[in-house]
Amino acid sequence: MEAAKSCAPGRSTTAWFDSRRNLFWLHGSAKIGLILAVYMCCFFLPGTVRATRLIDRGSLEINSNNVLTLKALLASGGSTSHQHGVGMKVFHRDAPHLRERKSRQATTLQNTKAVSMLKTDMHTQPGLESTTLRRQEDRVGQYYMPLQIGSPGRDILVILDTGSEILWVQCEPCNECGSQIIEPVFDPTLSSTYQPLSCNSQRCLQGGTGFETFCNVSQSLCKYIVQYADNSTSFGDLSVDTLTINSTSGSPTAITGFEFGCGHTNFGIEDDLGASGLLGLDRGNNSFISQISVHFPKVFFYCFPDRINNLNSSGFIHFGRSYDSQHLKYTPLLQNTASDFLSQFYYINVTGININGHLLPIPTAAFAIDASGNGGTILDTGTSLSILVDPAFNVLKEAFLNGTMNLKTLPDPSGNGLDVCYSVSASSSHLPKVPIVEFHLQGEGTKLRLSAENLLMVAAEDQNQLTLCLAMRSGGAVGMGRNVIGNYQQANHIVEVDIEKSRVGLINAHCPME
């Protein structure tokens, strides 16, 4: 699909890369200027799956590596009726069946073993609120969830993002839209249940914490705008329609009157990823998890297959309760009360990091939330590579290098700041042995255990050599950013976010559904 001309400010000609983009808010003339610019623009311009040997370990199956299997957890729940919850498969954006579908539309997705330019917005930009979260920009990948919107339901494929609030979808008529893996773009005129919100509607007046609303006086319609730290933007009509969740077990669940952004101008995210839009899963009042809470408890879990061995496989996300959680270890879900914006994110308390069982000398201030709301650690499915502030990252990097002295190091081939890279033979059938890294969390025995599949990413390759890099990035000085645990490190884990009980559950798991 050819994108219309955009006059939105600050747009880079570089493709928007597919990791989490944290929201920011503009103040004063900067905010008014952006809204007017977008308004004027829009209205006045024309792998191979590992075999697992299952053995009986009580009520749930554990594979030969002593890892809980996702299938066993789901089977433990019995009924998946609407009283308990709904679940569906999720896919990595470079899964072969998605690549094939998009290639049939004469577009291309990047080879899964190559990484292009990594772009990072490290600090607060001029005119942005100081609580702007840093976005890690990379092409390592996102996870997608299928939904249906409208009546009759139209298939959409949306990026899962626990670090933002609103669901927005590309809509006709498009002033600027990117190509989608699932075509066509949603046309609200074909939905009998679609309704744009008026300026004086309660939802418009209330707005959102993670996006802005304002009024188009001439049309008396409520407009929304959500912009991210890399200037990616979605702008259009704040609307309601029926959203349908097609569960892997049981009948579909239709959510009537679901509030979402019908985006007529969307740039950044669709330029390269082929998604229909983005699904915000934070704890804001307008997020997906909050809007469906009239049907299901405010708890969800997900299990993402890693991209090294299980790219071909689908993972899973489940909303509500209908599974056995006794094997999960829990840590408190913290809330950053420095602002309404920061209070939406899923903060957890990291108490230390081990490498091969040895506690690293990282100061506790590296993990603390200060009085201004800076710092701390958030879980974010929309970020690919994890981010650690310098006092934590530098110590981890040194210890990791000391534990891999048998490997040949080399500079980052992309020249974009991956600090630790290695050269291995292209004929290698396995990842090299690297130290085990464990993030220890508040709570008895709660930890995030990272193996080679969570630690190494393929940054470049040729016929003779693979370049593997540590899949983490520096987040700058304490007080300038925060720690983020991205989806690359969350893979191969069941992660449960329980808003009602204010806790996060974790356990290593074998996540492929197939």
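Everything quoted here is computed from the prediction, not taken from an experiment.

Chemist: I'd like to hear about helix H7 (residues 390-402), residue by residue, with values.
Modeler: For H7, which comprises 13 residues, the first-to-last C-alpha distance of 18 Å matches the rise-based estimate of 18 Å (1.5 Å per residue) to within 8%. Buried within H7 we find Ala392, Phe393, Val395, Leu396, Ala399 and Phe400.

Chemist: Which residues make up the state of the cysteines, and what values do they have?
Modeler: Applying the stated criterion across every chain yields a total of six disulfides. Residue pairing for Cys174: its cysteine sulfur links by disulfide to Cys177, the two sulfurs lying 2.1 Å apart. Because the sign of the S-S torsion sets the handedness, a value of about -80° for the bond joining Cys174 and Cys177 places this disulfide among the left-handed ones. We classify Cys177 as buried; its relative accessible area is 3%.

Chemist: An account of the sheet that holds strand S24 (residues 408-409) is needed here, citing residue identities and associated values.
Modeler: The strand order across the open sheet formed by four strands is S24-S25-S29-S28, and the pairing between neighbours is antiparallel. The open sheet terminates on both sides in strands that have one partner only, identified here as S24 and strand S28 (456-461). Judged from the five bridges that link them, S28 and strand S29 (residues 465-470) form a sheet pairing that is antiparallel. Bridge pairing links Leu456 to Leu470 in S29.

Chemist: Could you give me a rundown of unusual backbone geometry, with the residues and numbers involved?
Modeler: With omega at 0°, the peptide bond leading from Ser151 into Pro152 counts as cis. Take Pro152: it is sitting in the loop between strand S7 (143-149) and strand S8 (154-161). The amide bond that connects Glu183 to the next residue, Pro184, takes the cis arrangement and shows omega of 0°. In the Ramachandran plot, Asn492 falls in the positive-phi region, its phi being about 65° despite a non-glycine side chain. Mapped onto the elements of the fold, Asn492 is located in the loop between helix H9 (487-490) and strand S32 (493-498). Judged by its relative accessible area of 12%, Asn492 falls in the buried class.

What counts, and where the lines are drawn
- Residues numbered from 1 in each chain as written.
- Predicted model: local features only at pLDDT ≥ 70, side-chain atom pairs only at ≥ 80, totals over all residues.
- Heavy atoms only, no water.
- Helix = DSSP H or I, 4+ residues; strand = E, 2+ residues; numbered from the N terminus.
- Expected span 1.5 Å × (residues − 1).
- Buried < 20%, exposed > 50% of the residue type's maximum accessible area, 1.4 Å probe, protein only.
- Disulfide = S-S within 2.5 Å.
- Pairing = 2+ DSSP bridges.

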